[in-house]
Amino acid sequence: MARPTSIRAKRPLAVALVALIVLGSGALAAVVTLREQRSDERQGEALAREARGNLNASLVRMIAGLRAAAGLVSPAGAVTPEAFQAYGRGILEQPGLAALALQEVVRHAERARFERQLGREIVDIVAPGRFERAPRRDVYYVVSAVQPDVPRNRSILGVDISVDPLRSGAARLARDRGTPHLTAPIPLNTTGRTGVLVVAPLYRIGAPVGSVDERREALVGFVTAAYGAPALEEVARAGLPDGTAVSVVDDGRPLVGDARIPAGAAVQMRAAGRVWSVHVQRQGSSEYLLGGLVLGSGALLATLAWGLFSQAMRRERALQAARQEERQARREALDAGRRAAALQALTASLARCRTREDVVTTALERAGATFDPVYALAGLVETAPDRLRLTGSVGVPGGLRADAAIRLDAPLAVCRVVSTGAPISLAGKHAWEDAVPADVAPPQQVGAGACLPLAGATGVWGVLVLGSDGAADWRPEERELAEAMAAQIGQALERTRLEEQEQELVATLQRTLLPLELPHADGVDLAGCYEPGAEGLNIGGDWYDAIALPDGRVGLAVGDVVGHGPAAAAVMGQLRSALRAFMLEGRDPASALGSLAQFAADPSHATGATAVCAVLDPVSGELEYARAGHPPPLRVRPDGTWEMLDEARGIPLGVFAGLGYTTGRASLRHGDVLVLYSDGAVERRGEAIDEGIARLAAAVAAQHGSAQEVCDGVRDALRAEVPFTDDVALLVARRAH
């Protein structure tokens with residue numbers, strides 16, 4: 001490649017031009033003017049590209065921040081206002097953003113509940129500052145939270161954006177494509193000035209989003225960022241010479257600056273689904289000295305020609321520097337977007353983990369996808385005995401032994417990380433020898449790496465070691481990303497450990513509170529079972545009991561306490577013990593439930609709990625029962641016919657302590673089966689409760705044999721058809737033939 005012509009090489013040309021100036025002054029003036037014009041055009045294009053780079057870098061950072069909002073969605077598919085406000089305060093620090101809004105997808109069936117929760121009606125904007133109640137629609141995209149949370153912004157709470165062509169169009173494109181999308185220029189509600197909105201979709205965590213239909217099904221809402229036109233202009237003009245005018249045009253409509261500027265240099269850019277034209281006009285760029293050069297003296301023309309040559313070279317160097325800065329800015333913006341995407345993907349994956357082993361597996365997978373390490377080692381801290389149990393690896397020759405562990409007092413970097421909570425950089429053979437035991441040493445090609453603590457708020461819960469090939473140390477941004485990922489992994493380990501401990505505590509508590517053995521009574525066969533739900537901390541307040549009464553009859557009871565966890569299990573034990581005491585006093589079911597309701601009305605007990613209580617005479621088959629807000633018992637005949645026993649109805653316990661309960665009566669023939677159950681056995685999301693009761697009755701009718709066989713068969717049949725989402729308690733009484 002030929003070297004560029006230097007200023008010294010151009011000197012003879014300048015001398016020749018000066019010598020010929022008398023004969024060709026006009027031509028020389030035209031040539032010089034043309035060069036000046038072309039140089040200005042190149043500079044204008046460079047400045048336009050620089051302005052475009054400024055805008056693009058800002059939008060990339062902002063969109064990366066919006067993508068991180070996916071981590072706000074809880075496993076239940078909701079975003080709490082507190083999480084949104086905390087997220088909004090962080091992202092609003094980015095220059096140019098005026099406000100953030102959260103829109104939730106609300107179906108018409110959920111409208112009333114949503115309006116009560118929001119404290120506002122769902123409305124349409126009919127004119128600036130005017131709102132009307134939204135008519136019925138199948139789906140609403142409703143503003144449910146804003147940031148900053150100030151009166152001016154709160155005025156749009158409850159607004160349905162689904163009928164606004166510009167806003168809803170961007171929202172549907174973002175929903176169907178799975179990426180943030182820009183609107184055309186619109187008046188911003190928060191400032192009254194022109195700007196754009198960036199709409200980012202939020203999907204349920206774990207839901208498939210590979211196709212348009214899947215994305216529509218998984219959609220839970222949007223996060224919308226308001227970008228004001230003045231702020232966009234400041235971002236675009238950053239670093240440009242004073243007096244430079246900038247205009248941004250979206251499909252012929254001015255967004256930033258003067259609409260007449262497009263006479264200057266222009267470049268196009270794609271911004272989140274929109275195409276913008278970025279125009280730059282340099283101050284004085286249209287002022288050329290053609291007349292003066294043509295009419296000037298030869299000496300002036302010669303001096304000017306020499307200066308123009310020098311100036312052209314300086315500008316060429318400046319242009320090259322500007323291009324280099326633009327490329328560097330693009331690389332930095334791309335790296336920032338990749339780091340944000342890596343953290344977002346890790347957050348979403350960790351949210352689905354339920355055990356510490358799940359967290360370690362996810363950590364190795366995401367670390368592999370982000371850093372492509374040739375060596376990785378993960379371990380969990382255990383306190384009995386004090387050791388680091390190795391649970392996952394990449395690149396360990398021969399893999400890990402099932403019992404691989406390291407004593408925490410060993411003189412190794414992985415143990416020092418546990419005690420100090422500080423990361424350690426690793427580079428070179430000796431550093432790796434002092435970092436991990438020899439039986440899990442990395443391959444020879446591993447050079448630089450890091451030993452990272454997986455810490456939460458209460459301590460270090462594990463260690464993650466990563467190693468890459470080559471001797472070069474990690475870049476600062478790579479180390480920062482690795483440490484940020486380790487912090488998220490540590491928090492997930494802490495969360496899952498606490499969940500495991502609470503699960504163990506509640507399971508132990510409930511096992512001690514449910515009856516170990518049901519009484520034996522001539523003429524009736526009894527069996528009961530409890531099945532925890534499938535979501536979250538599943539063990540809660542469902543219970544059952546059977547009592548041998550002094551007069552030879554049998555007392556039967558099933559109840560349901562609101563909530564899950566240790567508190568619900570403790571309240572369940574109190575209610576079961578109290579009802580058992582009332583029934584042993586000889587009270588009938590209605591009287592026993594009345595006393596239990598007064599007991600439950602105490603604030604420390606179980607207001608709102610439900611129960612069904614029955615007394616069965618095994619000899620005559622006569623049955624008395626009463627209900628407190630609980631599903632009705634089922635009586636199933638040997639021929640498969642069944643009916644609900646729903647004569648006695650009453651409100652849940654403790655709601656109105658002064659109201660009494662009524663007693664219903666029925667009889668059981670020989671071979672009849674009586675089933676008492678909690679609502680978890682019959683309630684399914686999106687299904688009427690009558691369908692669930694019919695399914696339960698069919699499952700009972702299909703069983704034969706002892707009460708225990710009926711109970712086990714019903715539980716297995718229901719669980720095989722539809723997984724339990726709530727606790728289930730069953731109590732079966734079969735009258736002997």
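Before reading on, note that the structure itself is shown above.
Position labels on residues start from 1 in each chain and follow its written sequence. It should be noted that, the model being predicted, local features are given only for residues of pLDDT at least 70 and side-chain atom pairs only at 80 or more, the latter also being counted only at that level, while totals for whole chains, interfaces and linings use all residues. Note that water and hydrogens are dropped before the side-chain values are worked out from all heavy atoms of the structure.

Here we come to the overall build of the protein. For the protein, the helix and strand inventory stands at 18 helices and 28 strands. Here the protein, with 737 residues, has 47% of them falling under the buried criterion. Restricting to contacts in the protein with at least 6 residues of sequence separation, those with at least 24 account for 64%. Working note: accessible area of the protein is about 34,900 Å², and carbon and sulfur atoms make up 53% of it. A run of H or I in DSSP becomes a helix once it reaches four residues, and a run of E becomes a strand once it reaches two; helices and strands are each numbered from the N terminus. Exposure classes here rest on a 1.4 Å probe applied to the protein chains alone. A residue is buried below 20% of its type maximum, exposed above 50%, and partly exposed in between. Throughout, a contact is declared for two residues whenever any of their heavy atoms are within 4.5 Å. Where accessible areas are quoted, they stem from the Shrake-Rupley method and a 1.4 Å probe; at the residue level, only the protein chains shown are allowed to cover.

Let us now look at the sheet that holds strand S18 (residues 459-469). Strand order in the open sheet formed by six strands is S15-S14-S13-S18-S17-S16, and the pairing between neighbours is antiparallel. Across the chains shown, the open sheet's two edge strands, defined by having one partner strand only, are strand S15 (405-407) and strand S16 (424-427). Taken over all neighbouring pairs, the strand axes of this sheet differ in orientation by 20° on average, direction set aside. Only when DSSP finds a minimum of two bridges between them are two strands counted as paired. Of the strand pairs in this sheet, strand S14 (residues 386-394) and S15 are connected by three bridges, and their pairing is antiparallel. Pairing of Arg389 across the sheet is with Ala405, part of S15. Against the sheet, helix H11 (residues 356-371) engages strand S13 (375-383), S14 and S18, with an angle of about 155° to S13. For every element, the axis is a line fit to its C-alpha atoms; helices are fit only across the contacting stretch, and the angle between N-to-C directions ranges from 0 to 180 degrees. Docked against the sheet, helix H12 (residues 413-420) engages S13, S14, S15, S16, strand S17 (446-456) and S18, running at close to 140° with respect to S18.

Our focus in this paragraph is the sheet that holds strand S19 (residues 524-531). Pairing is antiparallel across the open sheet formed by five strands, whose spatial order is S19-S28-S27-S24-S25. Among the strands making up the open sheet, the edge pair consists of S19 and strand S25 (642-644). Averaged over all adjacent pairs, the angle separating strand axes in this sheet is 15°, with direction ignored. Relative to strand S27 (residues 673-677), strand S24 (residues 634-636) is paired through three bridges, and the arrangement is antiparallel. Among the inter-strand pairings, Arg635 is bridged to a residue of S27, identified as Leu674. Together, S24, S25 and S27 form the strand contacts of helix H17 (residues 689-701), whose direction differs from that of S24 by roughly 35°.

In this analysis, rings of Phe, Tyr and Trp, with Trp reduced to its six-membered ring, are considered paired at centre separations within 6.5 Å, and the interplanar angle assigns stacked below 30 degrees, edge-to-face beyond 60, and tilted for intermediate values. A full pass over the atoms with the stated rule returns one aromatic pair. Between Tyr141 and Phe222 the ring centres are 5.0 Å apart and the planes differ by 65°, which places this aromatic pair in the edge-to-face class. On the criterion of sequence distance, the pair formed by Tyr141 in strand S4 (residues 139-147) and Phe222 in strand S8 (residues 219-228) is long-range, its members being 81 residues apart. Overall, Phe222 belongs to the buried group, its relative accessible area being 0%.

What follows is about the packing of H17 against helix H18 (residues 707-721). Taken N-terminus to C-terminus, the directions of H17 and H18 make an angle of 135°; their axes are 9 Å apart at the nearest point. Considered as vectors, H17 and H18 are oriented oblique to each other. For the crossing formed where H17 meets H18, the hand is right-handed. Contact residues: H17 offers Arg695, Leu696, Ala699 and Val700, while H18 offers Val710, Val714, Ala717, Leu718 and Glu721. Under this scheme an angle from 65 to 115 degrees is roughly perpendicular, one under 35 degrees roughly parallel, and one over 145 degrees roughly antiparallel; angles in between are oblique. Crossing handedness is defined as follows: a turn of the near helix away from the far one that is anticlockwise and smaller than a right angle gives a left-handed crossing, while the clockwise case is right-handed.

Bringing the environment of Val562 into the picture now. Along the chain, Val562 falls in strand S21 (residues 554-564). For the pair Val562 and Gly541, spaced 21 residues apart in sequence, the C-alpha separation works out to 6.6 Å. In this structure Val562 touches Ala568 and Gly608, once residues within four positions along its chain are discounted.

Next up on the list: helix H16 (residues 589-600). In a helix, the anticipated span is given by 1.5 Å times the number of residues less one. For H16, with twelve residues, the first-to-last C-alpha span of 16 Å sits near the 16 Å given by 1.5 Å per residue. When you tally the buried positions in H16, you get nine out of twelve residues, the bulk of the element. Those residues of H16 not exposed but buried are Pro589, Ala590, Ala592, Leu593, Gly594, Ser595, Leu596, Ala597 and Ala600. Here the buried face of H16 lies against helix H15 (566-584), strand S22 (610-616) and strand S23 (622-628). Whenever a nitrogen or oxygen atom comes within 3.5 Å of another N or O atom, the pair is scored as a polar contact, on the condition that within protein one atom can donate a hydrogen and the other can accept it, and that pairs from neighbouring residues in sequence are kept only if both atoms are in side chains. Two or three places before Ala590, at the opening of H16, Asp588 has a side-chain oxygen 3.2 Å from that residue's backbone nitrogen.

A word on the pairing of strand S10 (residues 253-256). Two elements, strand S9 (residues 245-250) and S10, share three bridges in a ladder whose sense is antiparallel. Across the sheet, residue Val249 finds its bridge partner in S10, namely Pro254. In sequence, S9 turns back onto S10 through a hairpin of two residues, with Asp251 there showing a positive phi of about 55°.

A few words on the packing of H15 against H16. One way to put it is that H15 packs onto H16 with a least axis distance of 9 Å and a crossing angle of 145°. Of the two elements, H15 crosses H16, and the hand of that crossing is right-handed. Counted together, Gln574, Leu575, Ala578, Leu579, Phe582 and Met583 of H15 and Ala592, Ser595, Leu596, Phe599 and Ala600 of H16 form the full contact between these two elements. When grouped by side-chain class, the residues that make up the contact of H15 with H16 number nine nonpolar, two polar and no charged. Three classes are used, and their members are as follows: Ala, Val, Leu, Ile, Met, Phe, Trp, Tyr, Cys and Pro are nonpolar, Asp, Glu, Lys and Arg are charged, and the others, Gly among them, are polar.

This brings us to the environment of Val463. Its place among the elements puts Val463 in strand S18. The spatial distance from the C-alpha of Val463 to the C-alpha of Ala486 is 8.6 Å, given a sequence separation of 23 residues. For Val463, the residues in contact, after removing those within four places along its chain, are Leu377, Ala378, Gly379, Leu388, Val414, Val417, Val418, Cys451, Leu452 and Leu454.

A few words now on the state of the cysteines. Here, a disulfide means two cysteine sulfur atoms that sit within 2.5 Å of each other. Inspection of every chain in the model, using the stated rule, returns zero disulfides. The thiol of Cys451 is not disulfide-bonded; the next cysteine sulfur, from Cys415, is found 8.8 Å away.

A contiguous nonpolar surface patch, about 290 Å² in accessible area, is contributed by Val655, Phe656 and Leu659. Inspection of the secondary structure puts Leu659 in the loop between S25 and strand S26 (664-667). Residues enter patches when their relative accessible area tops 30% and they take part in no salt bridge; the joining distance is 9 Å for like charges and 5 Å for the nonpolar side chains Val, Leu, Ile, Met, Phe, Trp and Tyr. Salt bridges are defined by distance alone: a side-chain nitrogen of Lys or Arg within 4 Å of a carboxyl oxygen of Asp or Glu.

Our next topic: unusual backbone geometry. Of note, the bond from Gln147 into Pro148 is cis; its omega dihedral lies within 30 degrees of zero at 5°. Following the sequence through the fold, Pro148 ends up in the loop between S4 and helix H5 (151-154).

Per the stated rule, a full pass over the model turns up 27 salt bridges. For Asp124, the salt bridge identified is with Arg137, shortest N-O distance 2.5 Å. Remark: Arg137 occurs in the loop between strand S3 (130-133) and S4 and Asp124 occurs in strand S2 (residues 123-127); sequence separation between them is 13 residues. Side by side, Asp124 and Arg137 carry an identical accessibility label, which is buried. We note a salt bridge from Arg576 to Asp545, for which the minimum N-O separation is 3.4 Å. In this pair, Arg576 sits in helix H15 while Asp545 sits in strand S20 (residues 540-548), placing the two residues 31 residues apart along the sequence.

Burial along S26 is one-sided: Gly664 and Ala666 are buried, and none of Arg665 and Ser667, which face the opposite way, are. Across four bridges, S23 lies against S26 in antiparallel orientation. Looking at S26, one finds that Glu622 is bridged to Ser667.

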